[in-house]
Amino acid sequence: MNSLSKKQKLLLVDDDAIFVEIAKRTIEKTGAVESLKVFPDGEGAISFLKEHQSEPDIIPDFIFLDINMPFMDGWQFLDEYANFVNALSKKPEIYMVSSSVDDSDLRRAKEIPLVKDYIIKPVSLDSFKKILTNQL
């Protein structure tokens, strides 16, 4: 990646501490990320996005969203997010990231226009690189 490439801002919404730690290290290795914020549930992520909705420099370029979390899961996050997405000064690309290989989860994610893709954990370095650098 050359020095002229845009560095990405990421939001990782996942309650699995082991996955978060591995994902952080993997994402760091891409060299494509300027900042990474982590929330253990959808509620914190929604609050963050609402608080900064008119600040395009703070809103992430990508959201990696787990499905199964306490308080507010990925589906509830998407329902809430849909209520204010048009007020955001920038529209992040959302990727569902889950260990679920359940066809119904995959179908449900594909039916939501806000979701760019569904990725099965663990997420490889190549997968993160493709997502983060194809947008540059």
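The present account deals with the structure reproduced in this document. For clarity, every value in this text was computed on a predicted model and none was experimentally measured.

### Points about the overall build of the protein chain
Scanning the protein chain from N- to C-terminus turns up 5 helices and 5 strands. Listed by position from the N terminus, the elements making up the protein chain come as β-α-β-α-β-α-β-α-β-α. Taking the principal axes of its C-alpha atoms as reference, the protein chain extends roughly 40 × 35 × 25 Å. Looking at the 136 residues of the protein chain, the share that counts as buried comes to 45%. Within the protein chain, contacts between residues separated by at least 24 positions form 72% of all contacts whose residues are at least 6 apart in sequence. Accessible surface for the protein chain amounts to roughly 7,400 Å². Of this, 49% is attributable to carbon and sulfur atoms. Averaging the positions of the 17 positive and the 23 negative side-chain charges in the protein chain gives two centres separated by 7 Å.

### Digging into the pattern of salt bridges
Tallied over the entire structure, the rule returns 8 salt bridges. Close ionic contact of Glu80 with Lys50 constitutes a salt bridge, the shortest N to O distance being 2.8 Å. Of this pair, Glu80 sits in helix α3 (residues 74-82) while Lys50 sits in helix α2 (residues 42-51), and the two are 30 residues apart along the sequence. For Asp61, the salt bridge is made with Lys90, and the minimal N-O distance between the two is 3.2 Å. You can see Asp61 sitting in the loop between α2 and β3 (62-65) and its partner Lys90 sitting in the loop between α3 and β4 (93-98), a full 29 residues away along the chain. Using a relative accessible area of 21% as the deciding quantity, one classes Lys90 as partly exposed. Here the salt bridges do not stand alone but share partners, grouping Asp14, Asp66 and Lys121 into one network.

### Structural notes on the side chain of Asp66
Within the secondary structure, Asp66 sits in the loop between β3 and α3. The class for Asp66 is buried, based on a relative accessible area of 5%. Sequence-distant contacts of Asp66, that is, excluding residues within four places in its chain, are made with Val13, Asp14, Asp15, Gly74, Val97, Ser98 and Lys121.

### Considering the side chain of Asp105
In this fold, Asp105 is placed in helix α4 (residues 103-110). The side chain of Asp105 sits in the buried core without any salt bridge; Arg108 is the nearest counter-charge, 5.4 Å away. With near-sequence residues (within four places) excluded, Asp105 lies in contact with Ile67, Trp75, Ser100 and Tyr118.

### Here's the deal with helix α1 (residues 17-30)
Spanning 14 residues, α1 covers 20 Å between terminal C-alpha atoms, matching the ideal 20 Å at 1.5 Å per step. Burial in α1 covers these residues: Phe19, Val20, Ala23, Thr26, Ile27 and Thr30. Take α1 and look down its axis: the buried residues cluster within an arc of 135 degrees, on one side only. The outward face of α1, more than 90 degrees from its buried face, is lined by the exposed residues Ala17, Ile18, Arg25, Glu28 and Lys29. Each element contacted by the buried residues of α1 is listed here: β1 (8-13), β2 (33-39), β4 and α5 (125-133). Structurally, the start of α1 carries an N-cap: the backbone nitrogen of Ile18 is 3.0 Å from a side-chain oxygen of Asp16. Phi turns positive one or two residues past the end of α1, at Gly31, with a value near 70 degrees.

Each value, and the rule that gives it
- Residues numbered from 1 in each chain as written.
- Predicted model: local features only at pLDDT ≥ 70, side-chain atom pairs only at ≥ 80, totals over all residues.
- Heavy atoms only, no water.
- Helix = DSSP H or I, 4+ residues; strand = E, 2+ residues; numbered from the N terminus.
- Buried < 20%, exposed > 50% of the residue type's maximum accessible area, 1.4 Å probe, protein only.
- Contact = heavy atoms within 4.5 Å.
- Areas by Shrake-Rupley, 256 points an atom, 1.4 Å probe, with all protein chains shown as cover.
- Lys, Arg positive; Asp, Glu negative; His and termini not counted.
- Charge placed at Lys NZ, Arg CZ, Asp CG, Glu CD.
- Salt bridge = Lys/Arg side-chain N within 4 Å of Asp/Glu carboxyl O.
- Expected span 1.5 Å × (residues − 1).
- Arc of directions from axis to C-beta.
- Polar contact = N/O pair within 3.5 Å; in protein donor to acceptor, adjacent residues only side chain to side chain.

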